[in-house]
Amino acid sequence: MEKPRSVRISRSPGVLSVNGIHATSLALLEQGLRREEAPADILASDLSLGAWRGHQVASEFCAQLGLPPPLPQPIPFSMNKMVALDEPLPYADVIGAWIDAESSGDRIILGALELASRVAAAVLTGPPRTLLIIAPRFAASWETENIYFIRFLAQGLHGSDSRVFVVNTDPSPPLLPDDWCVSWTAPALDEPSKNTKSLLDLVPGVLLPEVATVMQAPGGANDVPLLPLPQGHALIASERRRGPRTASRFEYDKLAVLTHSFEWIKGYAQFFGNNLYVDPFFLCREAWRRFAEGGYGVALRFMERAVACSPVLEQEGFLRAQAQGIRIGLQRFAEAAAEPDPSPALAPAVRGFLLQNKGWGLVMGNEPARAEPYFREARALLAPLYQQKREYLYLLNISALSCLERGDLDGALAIEREIAAQTALQTERDWRLEYVNAINLARLYRRREEYDAAEACYRRAFETTLGARSESDALYTNVCLARVAALQGRPTEAFWGWLRAALHWVASSTPEAIAPRVAKAIVGRILPPGGDLPEAISSALFTALLSSTKTSALTPLMALTIRDSVLEKSPIPVFLRADSVREEQASVASVVGARGWGVLTTSMQAPLQFTGMQHRRLRALVAEICTRLCPSAGWQNTPTLIVDDQFGREVPENAPEMILTGLRWNAPNIIYEDNVIVLDQKVRSRFDQALRVRLGDAVAKIERHDSQDCIVFKRYLSPRAVSGKERQLLSLLDDHPSIGELWRRTGQQGAFEDFIATVRALERSRVVVLSLANEIGIGTSAELRVEESHAR
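Residues numbered from 1 in each chain as written. Predicted model: local features only at pLDDT ≥ 70, side-chain atom pairs only at ≥ 80, totals over all residues. Heavy atoms only, no water.

### Focus: the overall build of the protein chain
Scanning the protein chain for helices and strands turns up 30 helices and 20 strands. Here the C-alpha radius of gyration of the protein chain, 29 Å, is about what a compact globule of 792 residues would show, namely 28 Å. Overall, the C-alpha framework of the protein chain stretches about 90 × 70 × 60 Å when taken along its three principal axes. For the protein chain, with 792 residues in total, the buried portion stands at 58%. Carbon and sulfur atoms provide 51% of the accessible area of the protein chain, an area that totals close to 33100 Å². One finds the centroid of the 86 positive side-chain charges in the protein chain at a distance of 1 Å from the centroid of its 91 negative side-chain charges. (Helix = DSSP H or I, 4+ residues; strand = E, 2+ residues; numbered from the N terminus. Rg over C-alpha atoms; globule rule 2.2 N^0.38 Å. Buried < 20%, exposed > 50% of the residue type's maximum accessible area, 1.4 Å probe, protein only. Areas by Shrake-Rupley, 256 points an atom, 1.4 Å probe, with all protein chains shown as cover. Lys, Arg positive; Asp, Glu negative; His and termini not counted. Charge placed at Lys NZ, Arg CZ, Asp CG, Glu CD.)

### Re empty space enclosed by the protein
For the coordinates displayed, the defined rule picks out four cavities of 30 Å³ or more. What the largest cavity holds in volume is close to 70 Å³. Considering the residues around the largest cavity, the lining is formed by Ser25, Leu26, Leu29, Asp46, Ser48, Ile134, Thr169, Leu235, Ile236, Ala237, Ser238 and Arg241. Those elements that place two or more of their residues in the lining of the largest cavity are α1 (26-35) and β7 (234-236). Taken together, the residues of the lining of the largest cavity break down into six nonpolar, four polar and two charged. (1 Å grid on protein atoms, 1.4 Å probe; cavity = no way out; pocket = protein on both sides within 12 Å on 5 of 7 lines; lining within 4 Å. Points joined across faces, edges and corners; volume = space filled by probe spheres on them. Nonpolar A, V, L, I, M, F, W, Y, C, P; charged D, E, K, R; others polar.)

### Some remarks on the packing of helix α19 (residues 471-487) against helix α20 (residues 491-506)
Axis separation between α19 and α20 bottoms out at 8 Å; the angle between their running directions is 160°. In terms of orientation, α19 and α20 fall into the roughly antiparallel class. For the pair α19 and α20, the crossing hand works out as left-handed. Judged by residue contacts, Ala474, Leu475, Asn478, Val479, Ala482, Arg483, Ala485 and Ala486 of α19 engage Glu493, Ala494, Gly497, Trp498, Arg500, Ala501, His504 and Trp505 from α20. (Axes fitted to C-alpha atoms, helices over the stretch in contact; angles between N-to-C directions. Parallel < 35°, antiparallel > 145°, perpendicular 65-115°, else oblique. Left-handed = near helix turned anticlockwise from the far one by under 90°. Contact = heavy atoms within 4.5 Å.)

### Topic: the packing of aromatic side chains
On inspection of all chains with the given rule, the structure shows 22 aromatic pairs. A centroid spacing of 5.6 Å and a plane angle of 70° characterise the contact between Trp52 and Phe272, whose relative ring orientation is edge-to-face. Of this pair, Trp52 sits in the loop between β2 (42-46) and α2 (56-65) while Phe272 sits in helix α8 (residues 263-272), placing them 220 residues apart in sequence. The exposure class of Trp52 is buried, given its relative accessible area of 4%. On the basis of an interplanar angle of 45° and a centroid distance of 6.3 Å, the ring pair of Phe271 and Phe302 is categorised as tilted. Residue Phe271 is found in helix α8, and its partner Phe302 is found in helix α10 (residues 296-308); the two are separated by 31 residues along the sequence. (Phe/Tyr/Trp six-rings, centres within 6.5 Å; stacked < 30°, edge-to-face > 60°.)

In structure tokens, the structure reads:
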């Protein structure tokens, strides 16, 4: 039987409890493992010298388990093509990439959970294992991605025969994350270690077999004790580890030469070696590679070292600009604001960029008065260079925020209107720029109590994500529209928005990773990411949703209350996102819903994804609302509900969309309000023929690349090549034909079922959207006529 590639990990908020071993030597570590009766099959990750690769703990476990290494994320631009140091910096796409990254959710958490799910699946399908994490020493950092990975992995292996240990190899207590509670074994007496030294002592992490071969270790008179690990890896004895600052810089220079073919080790060695031998542009490239791996802290360390070792002002300024760009992208605004003012001798393009980013850090740190002079000088320097290009419009955008924070609402609105006018004149549409501009205009109109204009701007912003929405987007879209509907005096519409937001939230696969902007919009303040964040958001959504039921004018909800006694009921359904469930696993019983919302019911048993008490209260409230609005659905036999956002769009909100969802999931029936629609083979065939096809909302354009058509998307999604058969199909969609008509236009080649499968594959890829024709009507228990799906 094929091993599962990942498992669903149930996470809980609060303190993580994990076992720990205090062992200052390899012999004591082995002794401690025997005392703990730990499984003999050992995996290890070594952070004693700190993390020098992205997701280092996950990478080392994956290598020892024979799993593929974590895939790097694409970086905003290629560092293989360095622009001239005095030319304008092409950074509009970089800012756009930061916007998409933020809206996608916290990439550190998303990556850590995905990797923990993979590693846990591999461990659980094999013999019991001992997983060791050697804690950092010498003031080194755990790095955020490793902290989350360890937390998720420990929770994923909880209750199994495999065991996770944090190992302290330092005589002093280690620095631990605030939300960890480690139960340490009592330290044993240690034997004095030999004073021999080897370059191997300085190699960070678990020893890779190919690195051991290059450095010709072991085998000499000064062999370093090693603990063998799977796949030829080894753990270097802790008693031989030396603090990076206690070793000579010349040793690191030699290490860099020996390991030149392992560039991540070479970069580490140059970090501690003599300045004379540091290649700043090599470290810059390595910084971006670490960034692509998710090692953001390592990336900044490398970039800062490159800046410090730059021999000339122009090179230093260029590299400092990249470091500032990383800080802004990671929302490390305090660090960006603390950077020294750029030299007046720098080229205008570089100086202007550095001024802009320092101002950006200041305004996001609630110092708009201090930020304004930096923005003013940046605009003066950059306006002639960019001549209303996108780079300058992004500068205007952050300048508008500075105006707003200083209390100049009209000034901010004037700037955002100017951006909108200039954006409309761009030859190439920048969907990220249009998004932030429309969002900012919507917020400004809300403050001016011009709610219709605010709604129009919100909808224009959210159209840029339609068909590719992230979990954060789905939540933010409904929260914003719910609030503006309430301000417009449309309480029922506001309720639907809050209910959809709650559905997206309770089904979220990674609530810990929600975008900070979205969290602030819901809770009203900035919260740090992690286990407490989902609880705060769950509590805020519970309050908003329960309050909206009172004003919704929906009779079944007028007397709704949720007391603590409801939490005692068992079971409260588990909610899952559709993209986390394989259709063949789901066994969908029905598509159930009413105006404004819809879910799928299934008998499949699924573990909870997040187990916080506030999250449970919200799930109970959502389940109770669904039961009252559609009481004939047989909820008592439904342990799991699937929330289907129709491929990055929205949950089904009306009968046509519910029928589409039922067809896609092969549901036997649909329960819409008081109507039951039986999707037997005859009805299903009739609908399949009538489905209309159009180009997807997420598609920006179709380009020609190297004699092949390529789909380019507006947001998030990577370009997709189009086959010859698909190219012919896409060329026939101008009038939104039915599938039956489209099949005839393409020559009826092959079976109709195969043609539908091709169209469905394009739908899953977000290339096309399917809808129902408004002339279709079917008989049900109450005659139901299908209406055209309303546009969003």
